[in-house]
Amino acid sequence: MTAMWAPWNIGTTAAMLIAAAFALALCLPLSRLAYRLPRALDPGLPDHVSAAHRFHRAAFWLASPLLALCCVWRFGATPAAVAAIIYAVVLLALAWMDAETGFLPDLLTLPLLWLGLLVNLGGAFSPLGDAVLGAAGGYMALWLLCGAFLLLTGRQGMGHGDFKLLAALGAWLGWMPLPWILLVASLLALAVALMRRLARRMKAGEPFSFGPYLALVGIVALLRL
């Protein structure tokens, strides 16, 4: 019995170690981008490394290898697990940037979208037709919602980066999970906004980032496939 399970245990352990190392290798360039990209888009952002930035960076470096282990546990030692690790770590980096600076740079959202379609050429996570519909539908859903909000209130409800992020999630996951991703992300965002209002850390009408909630729910959605 021990002899039968030993090779599987060793192989699984090795795969998880490699996955964690791969995630950490992705963290290095993404950590640099998380600092430099927003400042390239808005030179008015402070140059110094704030306490909040250090906290987000530490959380990113800790969460990335843990998510890599979850991907291997969910998909095994397969190419799908490698793709899932890239997806999860890039989404974490986008969540970090949006939470800290309000930016979801095209340099990350658009390659993530196209990579999702390429990964699904063979139906890794979703049939290709569903992935194409998910990419188009994800963008159009938020574009329409934002347009309706603008007509009703005269204010911009969210940035175009959120449209592209949801399109990227649709490219990876297909169109079917998008309604519940939007619902859960919206409820989480509202709950956090309410807690911040009660704690007097947020004023009425103050904008806040929606991207982190989309990104985190998108990671959970992939691991639930």
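Calculation notes
- Residues numbered from 1 in each chain as written.
- Predicted model: local features only at pLDDT ≥ 70, side-chain atom pairs only at ≥ 80, totals over all residues.
- Heavy atoms only, no water.
- Helix = DSSP H or I, 4+ residues; strand = E, 2+ residues; numbered from the N terminus.
- Buried < 20%, exposed > 50% of the residue type's maximum accessible area, 1.4 Å probe, protein only.
- Lys, Arg positive; Asp, Glu negative; His and termini not counted.
- Salt bridge = Lys/Arg side-chain N within 4 Å of Asp/Glu carboxyl O.
- Contact = heavy atoms within 4.5 Å.
- Core = buried A, V, L, I, M, F, W, Y, C linked by side-chain atoms within 4.5 Å.
- Expected span 1.5 Å × (residues − 1).
- Arc of directions from axis to C-beta.
- Polar contact = N/O pair within 3.5 Å; in protein donor to acceptor, adjacent residues only side chain to side chain.

1. So, the side chain of Asp 130
- With respect to the helices and strands, Asp 130 occurs in helix 5 (residues 128-153).
- One buried charged residue, Asp 130, remains without a salt bridge, the closest side chain of opposite sign being Arg 224 at 15 Å.
- Setting aside residues up to four positions removed in sequence, Asp 130 forms contacts with Gly 170, Gly 174, Trp 175 and Met 176.

2. Focus: the environment of Ala 59
- Positionally, Ala 59 belongs in helix 2 (residues 51-75).
- Between the C-alpha atoms of Ala 59 and Val 132, which are 73 residues apart in sequence, the distance is 33 Å.

3. Side note on the nonpolar core
- Leu 91, Leu 94, Ile 181 and Leu 214 are the most contacted members of the largest nonpolar core, which has 61 residues in total.
- Of all elements in the fold, only helix 1 (2-41), helix 2, helix 3 (79-101), helix 4 (106-119), helix 5, helix 6 (160-173), helix 7 (178-198) and helix 8 (211-223) reach the threshold of two or more residues within this core.
- Here this core takes 15 residues from helix 3, the largest share from any one element.
- Discounting chain neighbours no more than four positions away, the residues touching Leu 91 are Leu 112, Leu 165, Leu 169, Ala 215, Gly 218 and Ile 219.

4. Observations regarding helix 7
- Counted at 1.5 Å a residue, the expected span for helix 7 with its 21 residues is 30 Å, and the 30 Å between its end C-alpha atoms agrees.
- Looking at helix 7, one finds that the buried residues are Leu 178, Ile 181, Leu 182, Ala 185, Ala 189 and Ala 193. Taken down its axis, helix 7 places every buried residue within 95° of arc, on the same side. In helix 7, the exposed positions angled more than 90 degrees off the buried face are occupied by Pro 179, Leu 183, Leu 187, Leu 190, Leu 194, Met 195 and Leu 198.
- Against helix 5, helix 6 and helix 8 lie the buried residues of helix 7.
- Looking one or two residues beyond helix 7, the residue adopting positive phi is Arg 200, at roughly 60°.

5. Brief notes about helix 2
- Between the first and last C-alpha of helix 2 there are 36 Å, a value that for 25 residues agrees with the 36 Å anticipated at 1.5 Å per step.
- Immediately beyond the C-terminal end of helix 2, within one or two residues, lies Gly 76, with a positive phi of roughly 75°.

6. Focus on the side chain of Asp 162
- You can see Asp 162 is positioned in helix 6.
- Of the side chains with opposite charge, Lys 164 lies nearest to the buried Asp 162, which makes no salt bridge, at 11 Å.
- Within the structure, Asp 162 has its side chain in polar contact with the backbone nitrogen of Gly 211 (distance 3.3 Å).
- In contact with Asp 162, other than residues within four places in its own chain, are Asp 98, Leu 104, Leu 142, Phe 210, Gly 211 and Leu 214.

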